[in-house]
Amino acid sequence: MTDPELPMLTLADLGVLRDVRDEDGTVVVEITPTYSGCPAMGVMRADLVHALHRAGFADVDVRTVLSPAWSTDWISEAGRRKLAAGGIAPPGRAPVRTSGPVPLSLGATRRTATCPQCGSPDTEEVSEFSATACKAMRRCRACLEPFEHVKEI
Amino acid sequence: MHEETVYEALDHAHGGEGQWAFGTGFDEPLAGVDTTVPAGIDPADLGAYCLMLGDDALVLCQRLTQWVTAAPELEEEVALANCGLDLLGQARLLLARAGSVGVLGRSRALATDSIPDEDALAYFRDADEFRNSLLVEAPNGDFGQTVVRLLVASTWRLALFARLRGSRDPVLAAIAAKGVPELTYHRDHAARWVLRLGDGTPESHRRTQAGVDAVWPLLADLFTATDVETRLTAAGVAVDPADVRDEVRDVLTTVLERATLTVPGWPEEQPSRGRAGRHGPELTALLADLQGLAREHPAATW
Ligand SMILES: [Zn+2]
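Residues numbered from 1 in each chain as written. Chains lettered and ligands numbered in written order. Predicted model: local features only at pLDDT ≥ 70, side-chain atom pairs only at ≥ 80, totals over all residues. Heavy atoms only, no water.

Visitor: Go over the domain arrangement of chain A, please, and point to the residues and values.
Guide: With domains assigned, chain A is organised as domain 1 (11–64) and domain 2 (75–92 + 110–150). With centres defined by C-alpha atoms, the gap from domain 1 of chain A to domain 2 of chain A works out at 28 Å. (Domains from an automatic or database assignment.)

Visitor: Tell me about the coordination of the zinc ion, and please be specific about residues and values.
Guide: Residues and elements named next belong to chain A. Protein ligation of the zinc ion involves Cys115 (SG), Cys118 (SG), Cys140 (SG) and Cys143 (SG), the donor distances falling in the range 2.3 Å. Coordination at the zinc ion comes from 4 donor atoms whose angles at the metal span 105 to 116°, giving a geometry best classed as tetrahedral. For the zinc ion, the donor residues sit on a single chain with the sequence spacing C-x2-C-x21-C-x2-C. Here cysteine 118, found in the loop between β4 (88–89) and β5 (123–127), pairs with cysteine 143, found in the loop between β6 (135–140) and β7 (146–150); they are 25 residues apart in sequence, far enough to count as distant. (Donors = N, O, S within 2.8 Å, 3.2 Å for Na, K, Ca; no water. Tetrahedral: all angles 85-135°; square planar, octahedral: opposite > 155°, others 65-115°. Helix = DSSP H or I, 4+ residues; strand = E, 2+ residues; numbered from the N terminus.)

Visitor: Any details on the nonpolar core? Residues and values, ideally.
Guide: Soluble, globular proteins show a tendency: their nonpolar side chains are buried together. In terms of nonpolar packing, the biggest core is built from 94 residues, with Tyr49, Phe161, Leu172 and Val194 of chain B touching the most fellow members. It is helix α8 (residues 170–198) of chain B that contributes the most residues to this core, 14 residues altogether. Those residues in contact with phenylalanine 161 of chain B, other than ones at most four positions away along the chain, are Leu53, Gln90, Leu94, Ile175, Ala176, Gly179, Val180 and Leu183 of chain B. If you look at the next biggest cluster of nonpolar residues, it comprises 25 residues, including Leu14, Tyr35, Ala40 and Trp70 of chain A. (Core = buried A, V, L, I, M, F, W, Y, C linked by side-chain atoms within 4.5 Å. Buried < 20%, exposed > 50% of the residue type's maximum accessible area, 1.4 Å probe, protein only. Contact = heavy atoms within 4.5 Å.)

Visitor: Quick rundown of the sheet that holds β6 of chain A? Include the residues and the values.
Guide: Residues and elements named next belong to chain A. Taking strand neighbours across the sheet as the criterion, the 4 strands line up as β4-β7-β6-β5 in an open arrangement whose pairing is mixed. Two strands close off the open sheet at either side, each with one partner strand: β4 and β5. As paired strands, β6 and β7 are joined by 5 bridges and run antiparallel to one another. Bridging across to β7, lysine 135 finds its partner in valine 150. (Pairing = 2+ DSSP bridges.)

Visitor: Outline the packing of aromatic side chains, supporting the account with residue identities and numerical values.
Guide: On inspection of all chains with the given rule, the structure shows 5 aromatic pairs over all chains. For the ring pair phenylalanine 129 of chain A and tyrosine 185 of chain B, a centre distance of 5.2 Å and an interplane angle of 85° mean the geometry is edge-to-face. Linking phenylalanine 129 of chain A in the loop between β5 and β6 with tyrosine 185 of chain B in helix α8, this pair reaches from one chain into another. In terms of burial, phenylalanine 129 of chain A and tyrosine 185 of chain B fall into one category: buried. Relative to tryptophan 266 of chain B, the ring of phenylalanine 223 of chain B lies with its centre 5.8 Å away and its plane at 35°, an arrangement referred to as tilted. (Phe/Tyr/Trp six-rings, centres within 6.5 Å; stacked < 30°, edge-to-face > 60°.)

Here is the structure:
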């Protein structure tokens, strides 16, 4: 089962698949959305049900879990390698989550990423947003190629 | 394995009749989530509160997406649409939470049975049933005013959501925890634009200051608790909006001063008109755009 928008990643690689278990003959699958507005959840749910039906499991229950909220730290090491091989820079460490007020960040973004094309660390952000909710747009100063970067949350 | 196209699996999941979009109940955002209301929480109040927070997100999303094809540059169009998408996700979860506790207003009388609660609430309530603040329904104005409003709205919502992570309603707490990193990103993005424009050319400064002056009076609508919020705050479910006033004022003052903009005097706070369903004609026009298709074809499938 792969992510509809990052097809090089399985749902397990992405950290979206939280649990699979048998409950009295029903296959229970737990998935969590990456972002609140992730439009791929419906496709993932339908893909999972269809795949399990085709694999011979008639009773399938795909459940959403909202807590704890998804973090890019849940993307597996294999997933990070696949992203880079697919031309998308994997995320760095997610910001530490605290329970108090969130401090304002007014400086230039401190995010960094290595160019997935040539490996240069000399890259700059050109847009804080990109074609899907989970990515930003960067450009490599060495090879001049643009690339997407999974932003840390 | 993967389907030939993603639509195949969606189609399969809905009986193979080519129906999988609006009106078919696919991807209910709280599917499988335990929606039991903890003891001591009034479900009607909880639903009313989720409508307030959900309507803020839905209406601001609609305003942001009005920039699609009209933003000054493609990157910013994508940025505003992405902020809108995050807010739409928050709105869906919150409207679904309201529906899960039976708060549906008059929407169910108009929506067909196949339409899920979140869609019934979004598409089949009239303006007087919306509980969003006046801040989010005001027209966009120019790009400067738009980023000022996004700064104010995301600062306010982030302050609320950061506290709501401790709500006694576990569903609301989870929605808030999920929203915090999203709103942090929106707020910082908007703040950088306000800095760039305010401390930019004389023209960008003038127009951004005009945006501040246009948005500022709307702060009056944000910080007076309704009876629902007062009761739910006492029950440990909601946040008294007055409790976030100082944080919001501090953040906005910091950004505007760094942007060399003049901070207007704090407006005289009033009981919220928006939370009482007393909206301006701008919301009616916005909803006509948002709801027209669903109301024209209430049983449509695609
Ligand atoms: Zn490069």
